[in-house]
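Listed below, chain by chain, are the residues.
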Amino acid sequence: MRTILIFLTAICIASGCKTKALDVGNKGSTATTEATFTITFGSCNKSSLDNLFWDDISNLGPDVFIWGGDIVYADTNDVATIQAFYDDQDAVPEYAELKKSTLITGTWDDHDYGINDGGVEFESKKGSQQAFLNFLDVPENDLRRQRNGVYSTQVISKPQGSVKIINLDTRYHRTRLVEDKTEGRRYRPTAYGQGTILGERQWKWLADELSNSTSDFNLIVSSIQFLSREHGFEKWANHPHEVDKMKKIIMDSKAKGVLILSGDRHISEFSKMELEGLDYPLIDFTSSGLTHAYTNFSGEPNEFRVGNVVSSNSYGLIELDLDTKMATLKMMADNGKVLQELKQAY
């Protein structure tokens, strides 16, 4: 399969209009008549800072906006305070306007979970989960209210096909990380086979969702990076056996068009690797820094990187063509400026 990387300085994105996309529980569904799905996503957002992208995203008329985590920066075990942070984000006028016409879904990361780099040990995770689901307007009788963790699936359908969005929870069940005392690094990988990221029940759920999927594209939303493994911060590679397990599940499932979306890092980058037995490359599109980015970024190795790191504020735009099975991935700046673009045929 061919991959095309395009560097651009500016492209004007024409505004559009689509019908309202409604979340109707664990498997939300929308239907329009166009052959292209337009998906926007991002992470690392503070309601106290200006987000320059909400009007641009609204003008695109996307089928969905996906939160990749760090929706708010609560960092507290007080659930009422976490809820107040979400309420502040809901009160942002431009975001409130986007919610009127666009399906909103996604997952959390550590700062909206309630504790920096936190996992299974967080004492307020049950209450924090309810605050997160309140923010997404999940009904009280929805299955997500009873689960241990915020993982969920939405299927968006059109006459020409469908896209499945699989939101993972990389916090609720994740076992403690192993500290690394090396300068410039925070964590090192656990011993192979020790610990977990998703937990047994979520792993089974994920395998079922991929194996039973009939969608043309399957987007896996992970708050932390999956492919980038050389830096010393949070990443899937801190649990190397879990990385291998994910690869095997993807390959065994035979699911079409699997693409990973990640956040967390305050940078944006494309990572891509070939998997034996998979007839398309696995791409991890990291989009991180809606309101604040790692502007002092000076570089780090990533053997799977395609193109360059973007260390300014940006959001992700994905256009999935159901006729040609082409995915166009874009890192977007304000006013429709494309910072980097990647095309992949499936």
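Residues numbered from 1 in each chain as written. Predicted model: local features only at pLDDT ≥ 70, side-chain atom pairs only at ≥ 80, totals over all residues. Heavy atoms only, no water.

Participant: Kindly report on the overall build of the chain, identifying the contributing residues and their values.
Facilitator: Within the chain, the secondary structure is distributed over 7 helices and 16 strands. The C-alpha radius of gyration computed for the chain amounts to 18 Å, which stays within 12% of the reference 20 Å derived for 346 residues, consistent with globular compactness. Per-residue burial over the chain gives 60% buried out of 346 residues. Within the chain, contacts between residues at least 6 apart in sequence are counted, and of these 75% link residues at least 24 apart. As presented, the chain carries roughly 13600 Å² of accessible surface, and 50% of it is formed by carbon and sulfur atoms. Placing the 37 positive and 49 negative side-chain charges of the chain at their respective mean positions leaves the two points 5 Å apart. (Helix = DSSP H or I, 4+ residues; strand = E, 2+ residues; numbered from the N terminus. Rg over C-alpha atoms; globule rule 2.2 N^0.38 Å. Buried < 20%, exposed > 50% of the residue type's maximum accessible area, 1.4 Å probe, protein only. Contact = heavy atoms within 4.5 Å. Areas by Shrake-Rupley, 256 points an atom, 1.4 Å probe, with all protein chains shown as cover. Lys, Arg positive; Asp, Glu negative; His and termini not counted. Charge placed at Lys NZ, Arg CZ, Asp CG, Glu CD.)

Participant: Describe the environment of Ala96, and please don't skip the residues or the numbers.
Facilitator: Within the secondary structure, Ala96 is located in helix α3 (residues 93–101). Judged by its relative accessible area of 28%, Ala96 falls in the partly exposed class.

Participant: Describe the layout of surface pockets, naming the residues involved and giving the relevant values.
Facilitator: In this model, the largest pocket occupies a volume close to 470 Å³. Lining of the largest pocket is provided by 25 residues; of these, Arg186, Phe233, Arg265, Tyr294 and Glu300 occupy positions nearest its centre. A class-by-class count of the residues in the lining of the largest pocket yields 6 nonpolar, 9 polar and 10 charged. (1 Å grid on protein atoms, 1.4 Å probe; cavity = no way out; pocket = protein on both sides within 12 Å on 5 of 7 lines; lining within 4 Å. Points joined across faces, edges and corners; volume = space filled by probe spheres on them. Nonpolar A, V, L, I, M, F, W, Y, C, P; charged D, E, K, R; others polar.)

Participant: Now, about the packing of helix α6 (residues 200–211) against helix α7 (residues 240–253): what can you tell me, with residues and values included?
Facilitator: Put simply, α6 and α7 touch, their axes get as near as 8 Å, and they point 25 degrees apart. Comparing their axes, α7 and α6 come out roughly parallel. Considering how the two elements wind past one another, α6 and α7 form a crossing that is right-handed. Of α7, the residues touching α6 (which contributes Trp203, Leu206, Ala207, Leu210 and Ser211) are Glu242, Lys245, Met246, Ile249, Ile250 and Ser253. Class assignment of the residues belonging to the contact of α6 with α7 gives a composition of 7 nonpolar, 2 polar and 2 charged. (Axes fitted to C-alpha atoms, helices over the stretch in contact; angles between N-to-C directions. Parallel < 35°, antiparallel > 145°, perpendicular 65-115°, else oblique. Left-handed = near helix turned anticlockwise from the far one by under 90°.)

Participant: Lay out the pattern of salt bridges with the relevant residues and their values.
Facilitator: Working definition: two side chains of opposite charge can pair if their charged atoms are close together. Scanning the model with the defined rule gives 22 salt bridges in all. One salt bridge in this structure joins Arg171 and Asp109, with 2.8 Å as the shortest N-O distance. Of this pair, Arg171 sits in the loop between β6 (161–167) and β7 (178–179) while Asp109 is found in the loop between β4 (103–106) and α4 (110–113), placing the two residues 62 residues apart along the sequence. Take Arg171 and Asp109: they sit in the same class, and that class is buried. Across the pair Asp252 and Lys248 runs a salt bridge, and its minimum N-O distance is 2.5 Å. (Salt bridge = Lys/Arg side-chain N within 4 Å of Asp/Glu carboxyl O.)

Participant: Hey, could you go over the side chain of Ser215 for me, with residue numbers and the actual values?
Facilitator: Within the secondary structure, Ser215 sits in the loop between α6 and β9 (217–221). A residue is classified by how much of its surface remains accessible, and Ser215, at 2% relative accessible area, is buried. Of the polar contacts made by the side chain of Ser215, one reaches the side chain of Ser162; its length is 2.9 Å. Excluding residues that lie within four positions of it along the chain, Ser215 makes contacts with Val155, Ser162, Val163, Lys164 and Lys256. (Polar contact = N/O pair within 3.5 Å; in protein donor to acceptor, adjacent residues only side chain to side chain.)

Participant: Go over the environment of His231 with me, naming the residues and quoting the values.
Facilitator: When you line up the elements, His231 lands in the loop between β9 and α7. Separated by 47 residues in sequence, His231 and Gly184 place their C-alpha atoms 9.0 Å apart. Leave out the neighbours within four places in its chain, and His231 touches Arg185, Gln225, Arg265 and Glu300. Among the polar contacts listed, one links the side chain of His231 to the side chain of Gln225, at a separation of 3.1 Å.

Participant: Let's hear about the packing of helix α2 (residues 79–90) against helix α5 (residues 125–135): which residues, and what values?
Facilitator: With their axes 9 Å apart at the nearest point, α2 and α5 run at an angle of 15 degrees to one another. The pairing of α2 with α5 is recorded here as roughly parallel in orientation. Crossing geometry of α2 relative to α5 is assigned as right-handed. Across the interface between the two elements, Val79, Ile82, Gln83, Tyr86, Gln89 and Asp90 of α2 pack against Gly127, Ser128, Ala131, Phe132, Asn134 and Phe135 of α5. Taken together, the residues of the contact of α2 with α5 break down into 6 nonpolar, 5 polar and 1 charged.

Participant: Quick one: what's the story with the sheet that holds strand β12 (residues 282–286), residue by residue and with numbers?
Facilitator: The 7 strands lie next to each other as β5-β6-β9-β10-β12-β11-β13, forming an open sheet whose pairing is mixed. Only two strands of the sheet have a single partner each, and these edge strands are β5 (152–158) and β13 (305–310). Averaged over neighbouring strand pairs, the angle between their axes works out to 15 degrees when direction is ignored. Most of the contacts of α6 go to β6, to which it runs at about 170 degrees, and overall it touches β5, β6, β9 and β10 (258–262). (Pairing = 2+ DSSP bridges.)

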